[in-house]
Amino acid sequence: MFSGLKLWWSTFRLSVRMKITLSLSAIAVVLLLSSIISVLEYRRMSNYVSELIAEDIRNINAAQHLVNAVDNYNLQLLAVIGDDSLHSVPNFATDEFLNYCDSLRASLSGGTMIPLADSVVYAYSAYMVASLELEDVLESNFIDTRDWYFNRLQPLFGRLRGYIDNLGSAMYTDLRHNSENFDSGFYRSIIPATVAVAVGIILVFLLLFYILAYYVSPLYRMVDSLKNYLQFRHRYTYTFDGNDQLSDLNSQITELTEENRQLRRRNSELKGEQ
């Protein structure tokens, strides 16, 4: 079987046009495949990181809503304490606040994010329980409302506000991390294209060397041999290894020059006999 393949390969013949076409097609295929891989990789990374960044932005906005809600409520409590004419506890959008907390906890990932969200909920519960004491404090003649606010409620508010700020800082850190991943993903996506361009350049130089060595150089040598034959009557003796049309052309030129030499010799002999 091996001998049969060897015999088939020895008789297999590629034309000059086919050799050049196959060489250029190989370069085109490498560049095309690398471009497709780069586009697909960039699209995958872009979609993935874009979703993460969009989720981080939504979470940061939700955390900002929490900050605004507790700040406004705390200012309303301070207004009640500072104005003796006010005796009712302001309303707080508890459902909206808890919905934001639940949405944050559901969308957050990582070992540090979820505990921070739980800490916000726990701190909020303690703060709200203490804030509900305001009505009894206002009705009491024995409790200083300002002392209750600054010593009892304000520390709980500070802790709640601190947990929300920590959660926001963690989300900003995650957003920066995802942005850096997007940058690194972009560079990873262009690596196949860069490699393909480098490989394409190498293939172009190899193809150039191949064409110069196996086609251009033999053509120049054939032309020089023909000039020597025509001008100095030197025998056309140039030969090279090959199995394509250029080799056939050289063989045919050799036959033509030999026939021409024999014809000239016969003409000379005939002239000599006369």
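Residues numbered from 1 in each chain as written. Predicted model: local features only at pLDDT ≥ 70, side-chain atom pairs only at ≥ 80, totals over all residues. Heavy atoms only, no water.

*Asks:* Any chance you could break down the overall build of the chain for me, citing the residues and the numbers?
*Replies:* If you tally the helices and strands in the chain, you get 7 helices and 0 strands. Helices (α) and strands (β) of the chain occur, in sequence order from the N terminus, as α-α-α-α-α-α-α. The buried share among the 274 residues of the chain stands at 27%. Of the contacts formed within the chain by residues at least 6 apart in sequence, a portion of 73% connects residues at least 24 apart. Just so you have it, the chain exposes about 18,200 Å², and 60% of that area is on carbon and sulfur atoms. (Helix = DSSP H or I, 4+ residues; strand = E, 2+ residues; numbered from the N terminus. Buried < 20%, exposed > 50% of the residue type's maximum accessible area, 1.4 Å probe, protein only. Contact = heavy atoms within 4.5 Å. Areas by Shrake-Rupley, 256 points an atom, 1.4 Å probe, with all protein chains shown as cover.)

*Asks:* Outline the side chain of E258, supporting the account with residue identities and numerical values.
*Replies:* Secondary-structure assignment places E258 in helix 7 (residues 245-273). Classification of E258 by relative accessible area gives buried; the value is 18%. Reaching out from E258, the side chain makes a polar contact with the side chain of R235 at a distance of 2.7 Å. (Polar contact = N/O pair within 3.5 Å; in protein donor to acceptor, adjacent residues only side chain to side chain.)

*Asks:* Go over the pattern of salt bridges, please, and point to the residues and values.
*Replies:* With the rule as written, the count across this model stands at 5 salt bridges. With its nearest N and O atoms 3.0 Å apart, the salt bridge here joins R161 to D71. Taken together, the residues span a long stretch of sequence, with R161 in helix 6 (residues 145-232) and D71 in helix 2 (residues 16-82) at a distance of 90 residues. By relative accessible area, which is 22% here, R161 ends up partly exposed. Judged by its relative accessible area of 22%, D71 is partly exposed. The shortest N-O distance in the salt bridge between R161 and D165 comes to 2.6 Å. (Salt bridge = Lys/Arg side-chain N within 4 Å of Asp/Glu carboxyl O.)

*Asks:* Run through the confidence of the model for the chain, naming residues and quoting values.
*Replies:* Looking at the chain as a whole, its pLDDT mean stands at 76, while 83% of the residues score no less than 70. Averaged pLDDT values over the elements of the chain bottom out at 51 in helix 1 (residues 2-11) and peak at 83 in helix 7. (pLDDT = per-residue confidence, 0-100.)

*Asks:* An account of the environment of L32 is requested, with residue identities and associated values reported.
*Replies:* Of note, L32 is situated in helix 2. Assessed through its relative accessible area of 53%, L32 is described here as exposed. Along the chain, L32 and A196 lie 164 residues apart, while their C-alpha atoms are 8.8 Å from each other.

*Asks:* With reference to specific residues and values, describe the nonpolar core.
*Replies:* Grouped together as the largest cluster of nonpolar side chains are 36 residues, with contacts concentrated most on F97, V120, Y127 and L160. At the level of secondary structure, the elements contributing two or more residues to this core comprise helix 2, helix 3 (94-107), helix 4 (113-131), helix 5 (134-139) and helix 6. With 7 residues, the next largest nonpolar core counts Y215, Y238, F240 and L246 among its residues. (Core = buried A, V, L, I, M, F, W, Y, C linked by side-chain atoms within 4.5 Å.)

*Asks:* Help me get a handle on a nonpolar patch on the surface, residues and values and all.
*Replies:* A cluster of nonpolar side chains, V29, L32, L33, I36, I37 and L40, forms an exposed patch at the surface whose accessible area comes to about 560 Å². With respect to the helices and strands, the residue I37 is situated in helix 2. (Patch = residues over 30% accessible without salt bridge, like charges linked within 9 Å, V, L, I, M, F, W, Y side chains within 5 Å.)

*Asks:* Talk me through the packing of aromatic side chains; I want residue IDs and the actual numbers.
*Replies:* According to the stated counting rule, one finds 5 aromatic pairs in the structure shown. Each ring, one from Y149 and one from F150, has its centre 5.0 Å from the other, and the planes form 90°; the classification is edge-to-face. Y149 sits in the buried class, given a relative accessible area of 2%. Connected via pairs of aromatic rings, a cluster forms that spans Y210, Y214 and Y215. (Phe/Tyr/Trp six-rings, centres within 6.5 Å; stacked < 30°, edge-to-face > 60°.)

*Asks:* Before we move on, could you go through unusual backbone geometry and cite the residues and values that matter?
*Replies:* Across the chain, the bulk of peptide bonds are trans and the bulk of non-glycine residues have phi less than zero. At R233, a position not held by glycine, the phi torsion is positive, near 60°. Within the element layout of this structure, R233 appears in the loop between helix 6 and helix 7.

*Asks:* So what's going on with the environment of E96? Which residues, and what values?
*Replies:* Here E96 shows up in helix 3. Separated by 30 residues in the primary sequence, E96 and L66 place their C-alpha atoms 9.2 Å from one another.

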